[in-house]
Amino acid sequence: LFPLPVRGSEGLYMVNGPPSFTESTAFQRDTGKNCKAVAFSKDGSLFAWCNGEKVNIVNLTSAELLHSFDIPKAVCLAFSPKNSVLVTWQAYTTAKDGAAGVPNLQLHDLKTGKCLKSFIQKKMQNWCPCWADDESICARNVNNEVHFFENNNFNTIANKLHLQKVTDFVLSPGAQPTKVAVYVPGSKGAPSFVRLYQYPNFSGPQSALANKSFFKADKVTMLWNKKATAVLVIASTEVDKTGASYYGEQTLHYIATNGESAVVQLPKNGPIYDVVWNPNSVEFSVVYGFMPAKATVFNLKCDPVFDFGTGPRNAAYYSPHGHILVLAGFGNLRGQMEVWDIKNYKLISKPVASDSTYFAWCPDGEHIVTATCAPRLRVGNGYKIWHYTGSLLHSYQVPANEELWQVSWQPFLEGVFPAKAVKYQAVPSELPSAEPKPAQAYRPPALRNKPLTSSKLHEDEPPQNMKPHPGSSDKPLSKTALKNQRKHEAKKAAKQEAKADANQEALVSQNAPRSTLPTVTSGEPELDKKIKNLKKKLKAIEQLKEQAAAGKQLEKNQLEKIQKETALLQELEDLEL
């Protein structure tokens, strides 16, 4: 039934997902208007929430309350991957006399309910410790170094990763061995860099698996693929110094654990809106470029595989099984979605979810929730549940004076839902289609009875397959081969240009009025050459005479040239005879 917790000014309750959409009885509604945070465990069996008085944990299978912790000010909650620990964070406060405040990050043992450890964590950013999927290690960033704990023993630091100033790190998903991607920002002219390590090999110059350095990075986002073989790094600056973009400047880098790295070449200039890995770990999608934005699928060689053309979009979402990709335009765009079958690169549907601030795939890989939540938008709050074929199955709007803050799917472990064949026919729905009427462009009265003329601001690019045809022997070219190919093409173009110029000159000379003195040739190339040179020199002397007549002061060598005029004239006469 895939329950969805709904958190808002009406309290916290759970709604059963498709097909019933009724309120869930497995969870007792909490009517308090002060529910600040909710969290699911990775397998979806446990659910925690803070209602402004206590942090409660409930087992959704048995509907029993497991623990209730007295932490009224908790604003962030998270479970460890195997449900051993619940982490809570509240805002850090210091005493009035300036003395250090009390630890505000707490780790609770979910078997005993005891507090395992408390830490001081001043910033909300990266507040949560990171675990490996099997909970063998847990890591947190403390004063620009990464501290590692083993087997949930938080009293001893088992390992430290110390570089000059680590500001961010990400642990790899999946089985052991765990890998760590770390980011060190550049300073004093030195570049920023991202390094990959395998735990616990941190010491020595050869210990890193891979390294990529780059300039132009105020902050980075690091994304591991599911198989933990590569990381995509989005490096962005706050300000674009060229003034081309309001969003700063972004570059995309690829780093593999085998040491390979590359800059992902994006064919259109502009911001990078979204980058997502396909769950199959061998492809990723990028939405980029000034509006209308381009979207492209790349392979692990960073070569484009399929280009979706241009359109009003700024986000991409792969289905949990990786067989469907949704490209969407949310935020300041109208909420158009394009649902693509990724195996055959066919468009399935184009639903529109206006004013959406949230999108999520259901773990079954068939259903989608979109929502309009406060504080991003204060009016028209509510959520909609769709089938990927474009059918709207359920829609809920909160009452006019209420707000919706959050809605999400209950997670399930991988493999619970098998992948199904892609459908193209819209599934039946009780609700009418949510297609909004296309807004008509304003037409001044003088043009209203005249036929429409289309004047597009941008010509949209159509989707195109970038893979070489199976019949052709076109292998993706190496960088050097590409460079040489470009040089060759440039030379070819230059030759053609020169040829065109020569033809143009010939035409001009044909059309030019014949000079009064026809050009006489002697039939001897050497003689003709001498005559041509002498005429050239005499012409230069004429120009110098004109300059002198205009009152220009001539140099010594220029005056000597003028004196040679009679001798040159005599020589020319003799040659022409």
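Since the structure is predicted, the reported quantities are computational estimates derived from the model, not experimental observations.

**Student:** I tried to follow the confidence of the model for the chain on my own but got confused; where do I start?
**Tutor:** The predicted coordinates of low-pLDDT regions are not to be read in fine detail. Taken as a whole, the chain shows an average pLDDT of 83; of its residues, 88% reach a score of 70 or greater. Within the model, the stretch residues 512–518 combines pLDDT values under 50 with 0 contacts to residues more than four positions away or in other chains.

**Student:** Teacher, can you tell me more about the side chain of Gln121 here?
**Tutor:** Topologically, Gln121 is positioned in the loop between strand S10 (115–119) and strand S11 (130–131). Engagement of the side chain of Gln121 in a polar contact is seen with the backbone oxygen of Lys123, the distance being 3.0 Å. Beyond its immediate chain neighbours, meaning those up to four positions away, Gln121 contacts Trp89, Tyr92, Asn104, Leu105, Asn126, Trp127 and Arg140.

**Student:** Mind showing me how you'd approach the pattern of salt bridges here?
**Tutor:** A side chain of one charge can pair with a side chain of the opposite charge if their charged atoms are brought near each other. Scanning all chains against the criterion turns up 10 salt bridges. Among the ionic pairs, Glu565 bridges to Lys545, the shortest N-O distance being 2.5 Å. Within this pair, whereas Glu565 is found in helix H4 (residues 565–576), its partner Lys545 is found in helix H2 (residues 525–549), the two being separated by 20 residues in sequence. Judged by relative accessible area, which is 13%, Glu565 ranks as buried.

**Student:** Got a minute to help me understand the sheet that holds strand S26 (residues 304–311) in this structure?
**Tutor:** As summarised here, the arrangement of the 5 strands in space is S23-S24-S25-S26-S36, forming an open sheet in which the pairing is antiparallel. Since the sheet does not close on itself, it has two edges, and those belong to strand S23 (272–277) and strand S36 (464–465), each with one partner. Across 2 bridges, S26 lies against S36 in antiparallel orientation. Residue Asp307 lies in a different strand from S36, and its bridge partner there is Gln464.

**Student:** Help me out: how do you make sense of a negative patch on the surface in this one?
**Tutor:** A cluster of acidic side chains, namely Glu571, Glu573, Asp574 and Glu576, defines a negative patch on the protein surface. Structurally, the position occupied by Asp574 is in helix H4.

**Student:** How should the sheet that holds strand S34 (residues 392–397) be read in this particular structure?
**Tutor:** Sheet strands pair via backbone hydrogen bonds, and the direction of the pair is either parallel or antiparallel. Across the sheet, which stays open at both edges, the 4 strands sit in the order S31-S32-S33-S34 with antiparallel pairing between neighbours. Each edge of the open sheet is held by one strand with a lone partner, namely strand S31 (358–361) and S34. Strand-to-strand, the axes of this sheet are offset by a mean angle of 15°, without reference to chain direction. Both strand S32 (residues 367–372) and strand S33 (residues 382–387) contribute to a ladder of 6 bridges, which runs antiparallel. Bridge pairing in S33 links Thr372 to Gly382.

**Student:** How do you make sense of the packing of H2 against H4 when you look at a structure like this?
**Tutor:** Relative orientation and spacing of two packed helices are given, respectively, by the angle between their axes and the distance between those axes. Where H2 contacts H4, the two axes come as close as 10 Å, and the packing angle between them is 150°. When the interaxial angle is binned, H2 and H4 end up roughly antiparallel. Every pair of crossing elements has a handedness; the one defined by H2 and H4 is left-handed. Where H2 approaches H4, its residues Leu527, Lys530, Ile531, Leu534, Lys535, Lys537, Leu538, Ile541, Glu542 and Lys545 are matched on the opposing element by Glu565, Leu568, Leu569, Glu571, Leu572, Leu575 and Glu576. Its residues placed into classes, the contact of H2 with H4 shows 9 nonpolar, no polar and 8 charged.

**Student:** Would you mind showing me how to read the packing of aromatic side chains here?
**Tutor:** Pairs of aromatic rings are described using the distance from one ring centre to the other and the angle between the two planes. One pass over the structure, following the stated rule, counts 22 aromatic pairs. Centre to centre, the rings of Phe306 and Tyr345 are 4.2 Å apart; their planes meet at 10°, and the pair counts as stacked. With Phe306 in strand S26 and Tyr345 in the loop between strand S29 (337–341) and strand S30 (346–349), the pair connects residues that are 39 residues apart, well separated along the chain. For the pair formed by Phe306 and Tyr345, the shared burial category is buried. In this structure an aromatic cluster arises from ring pairing among Phe27, Phe40, Phe47 and Trp49. In this arrangement the basic side chain of Arg140 is found over the ring face of Phe119, its NZ or CZ atom lying 4.3 Å from the centre. Residue placement shows Lys346 over the ring face of Tyr424; its charged tip is 5.6 Å from the ring centre.

Criteria and thresholds
- Residues numbered from 1 in each chain as written.
- Predicted model: local features only at pLDDT ≥ 70, side-chain atom pairs only at ≥ 80, totals over all residues.
- Heavy atoms only, no water.
- pLDDT = per-residue confidence, 0-100.
- Contact = heavy atoms within 4.5 Å.
- Helix = DSSP H or I, 4+ residues; strand = E, 2+ residues; numbered from the N terminus.
- Polar contact = N/O pair within 3.5 Å; in protein donor to acceptor, adjacent residues only side chain to side chain.
- Salt bridge = Lys/Arg side-chain N within 4 Å of Asp/Glu carboxyl O.
- Buried < 20%, exposed > 50% of the residue type's maximum accessible area, 1.4 Å probe, protein only.
- Pairing = 2+ DSSP bridges.
- Patch = residues over 30% accessible without salt bridge, like charges linked within 9 Å, V, L, I, M, F, W, Y side chains within 5 Å.
- Areas by Shrake-Rupley, 256 points an atom, 1.4 Å probe, with all protein chains shown as cover.
- Lys, Arg positive; Asp, Glu negative; His and termini not counted.
- Charge placed at Lys NZ, Arg CZ, Asp CG, Glu CD.
- Axes fitted to C-alpha atoms, helices over the stretch in contact; angles between N-to-C directions.
- Parallel < 35°, antiparallel > 145°, perpendicular 65-115°, else oblique.
- Left-handed = near helix turned anticlockwise from the far one by under 90°.
- Nonpolar A, V, L, I, M, F, W, Y, C, P; charged D, E, K, R; others polar.
- Phe/Tyr/Trp six-rings, centres within 6.5 Å; stacked < 30°, edge-to-face > 60°.
- Lys NZ or Arg CZ within 6 Å of the ring centre and 35° of its normal.

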